[in-house]
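Observations on chain architecture
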Amino acid sequence: MKLIVNGCAGRMGQALSTLILADETLELVGGLEPAKSPALGQDLGRLAGQAACGIVATDDALELMRQADGVIDFTVPEASVQLAGLAAQARTVHIIGTTGFNAEQMAQIEAAARHAKIVKSGNMSLGVNLLAGLVKQAAAALGDDWDIEILDMHHRHKVDAPSGTALLLADAAAQGRDVALDKVMQSGRDGITGARTPGDIGIAALRGGSVVGDHEIILAGENEQIRLGHRAETRDIFARGALKAAVWAHGQAEGLYDMQHVLGLKDPK
């Protein structure tokens with residue numbers, strides 16, 4: 001499978017390039033960076049701290065999309081939306097690990113998925129997505145008298161909060177309770193907030209150091225608690241999940257999928 005890495009000079013882009021170059025079943029055919037990026041023209045292997053591979057970073061997405069079976073994208077919402085449109089034109093695979101989309105941008109991605117094979121997830125880790133399944137089950141089994149709170153810890157450079165992972169886990173809890181997340185989510189608390197509203201799903205975002213990603217889901221009942229969690233120790237787990245998603249999506253019909261589909265926890269039809 002011939003793959004492009006969008007944001008190839010970033011931390012996730014470097015991890016993806018390294019894994020693709022080491023995988024005999026995959027072929028790295030290009031890397032994208034925005035115009036005026038200092039990485040343009042640089043070898044992708046060198047950017048990733050590896051031996052030179054003979055492929056250089058470019059900003060010509062349209063030309064690369066003609067050569068590839070898919071693109072993997074951990075960048076920013078504006079770039080991901082634009083790339084989704086190109087994936088629709090090429091009728092190819094687009095793996096989106098970008099987070100922080102607004103409603104209008106999500107609508108554009110959904111429109112692109114009518115002609116592209118898009119897998120979008122707030123977290124590409126296989127472990128996190130299995131955790132989401134457990135959270136959904138637990139929330140479904142327990143009543144509203146059990147409070148749900150999510151702790152979301154990331155490195156100091158992360159620009160969005162709550163993280164895509166925290167939102168994925170909160171949405172899993174909301175699905176378990178058969179409610180819309182936007183009706184029950186409480187993101188951060190400050191001042192005199194009053195007593196907790198039954199059924200709320202709370203998220204507290206913490207930022208600091210070089211933490212790749214720590215998440216804990218607390219289900220608190222009377223005199224007892226259940227705690228479920230996940231700790232990411234390296235970005236490779238997200239990159240490996242994204243590559244698994246790309247290979248899976250290559251054989252699917254056009255549409256918008258998530259990692260639950262990739263893991264077989266949802267029926268893609």
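Let us look at the structure shown here. (Residues numbered from 1 in each chain as written. Predicted model: local features only at pLDDT ≥ 70, side-chain atom pairs only at ≥ 80, totals over all residues. Heavy atoms only, no water.)

**Thoughts on the overall build of the chain**
What the chain contains, in helices and strands, is 10 helices and 12 strands. The C-alpha atoms of the chain give a radius of gyration of 19 Å, which matches the 18 Å a tight globule of 269 residues would have. With the C-alpha coordinates aligned to their principal axes, the bounding extent of the chain is approximately 60 × 40 × 35 Å. Residue burial in the chain is summarised as follows: out of 269 residues, 49% are buried. For the chain, restricting intrachain contacts to residue pairs at least 6 apart in sequence, the fraction spanning at least 24 positions comes to 68%. For the chain, the exposed surface amounts to about 13,100 Å²; the carbon and sulfur share of it is 49%. Within the chain, the 33 negative side-chain charges are centred at a point lying 2 Å from the centre of the 24 positive side-chain charges. (Helix = DSSP H or I, 4+ residues; strand = E, 2+ residues; numbered from the N terminus. Rg over C-alpha atoms; globule rule 2.2 N^0.38 Å. Buried < 20%, exposed > 50% of the residue type's maximum accessible area, 1.4 Å probe, protein only. Contact = heavy atoms within 4.5 Å. Areas by Shrake-Rupley, 256 points an atom, 1.4 Å probe, with all protein chains shown as cover. Lys, Arg positive; Asp, Glu negative; His and termini not counted. Charge placed at Lys NZ, Arg CZ, Asp CG, Glu CD.)

**Topic: the pairing of strand β1 (residues 2-6)**
Across the five residues that make up β1, a large majority, four, are buried. Summarising the sheet, β1 and strand β2 (residues 27-32) pair through five bridges and their orientation is parallel. Residue pairing in the sheet places Val5 in a bridge with Gly31 of β2. Sheet topology note: the β1/strand β4 (residues 70-73) ladder contains four bridges and is parallel. If you follow Leu3 over to β4, its bridge partner there is Gly70. (Pairing = 2+ DSSP bridges.)

**Points about the sheet that holds strand β9 (residues 201-207)**
Spatial ordering of the open sheet is given by β8-β9-β7-β10-β11, a layout of five strands whose pairing is mixed. Looking at the sheet topology across the chains shown, the edges are occupied by β8 (185-187) and β11 (224-232). Between one strand and the next, the sheet's axes are offset by a mean angle of 15°, whatever the strand orientation. Across three bridges, the pairing between β8 and β9 is parallel. Residue pairing in the sheet places Ser187 in a bridge with Ile203 of β9. (Axes fitted to C-alpha atoms, helices over the stretch in contact; angles between N-to-C directions.)

**A closer look at the packing of aromatic side chains**
As enumerated under the stated definition, the model contains one aromatic pair in all. Between Trp248 and Tyr257, the aromatic rings sit 5.1 Å apart at their centres with planes inclined by 85°, giving edge-to-face as the arrangement. On the accessibility criterion, Trp248 (19% relative accessible area) is buried. Residue classification places Tyr257 among the buried positions, given a relative accessible area of 7%. (Phe/Tyr/Trp six-rings, centres within 6.5 Å; stacked < 30°, edge-to-face > 60°.)

**What to know about the environment of Ala246**
Looking at the secondary structure, you find Ala246 in helix α9 (residues 236-250). Residue classification places Ala246 among the buried residues on the basis of a relative accessible area of 0%. It is 21 Å that separates the C-alpha atoms of Ala246 and Gly45, two residues lying 201 residues apart in sequence.

**Quick word on the side chain of Gln105**
Here Gln105 lies in helix α5 (residues 103-112). When its relative accessible area of 10% is taken as the criterion, Gln105 is described as buried. The residues contacting Gln105, other than those within four sequence positions of it, are Pro77, Glu78, Val81 and Gly100.

**Things to note about the pairing of β4**
Residues Gly70 and Ile72 of β4 are buried on one face, and the alternating residues Val71 and Asp73, pointing to the opposite face, are buried as well. In this sheet, strand β5 (residues 93-96) lies alongside β4 in parallel orientation, the contact comprising four bridges. Its bridge partner lying in β5, Ile72 is registered against Ile95. Handedness of the crossover joining β4 and β5 through helix α4 (residues 77-90): right-handed. (Right-handed = clockwise from strand over helix to strand, strands pointing away.)

**Examining the sheet that holds β1**
If you walk across this open sheet you meet the seven strands as β3-β2-β1-β4-β5-β6-β12, and the pairing is parallel. Strands at the two margins of the open sheet, each flanked by one partner only, are β3 (57-58) and β12 (255-257). Judged from the two bridges that link them, β2 and β3 form a sheet pairing that is parallel. Among the inter-strand pairings, Gly31 is bridged to a residue of β3, identified as Ala57. Strand contacts of helix α1 (residues 11-22): β1, β2 and β4, with the helix running at about 165° to β1, the strand carrying the most contacts.

**Here we look at the environment of Gly31**
Mapping Gly31 onto the fold places it in strand β2. Taking C-alpha positions, Gly31 is 23 Å from Gly251, a pair spaced 220 residues apart along the chain. Once residues lying within four places of it in the same chain are set aside, the contact partners of Gly31 are Ile4, Val5, Cys8, Leu44, Val56, Ala57, Thr58 and Leu64.

Purely geometric stuff here, so don't read any function into it on its own.
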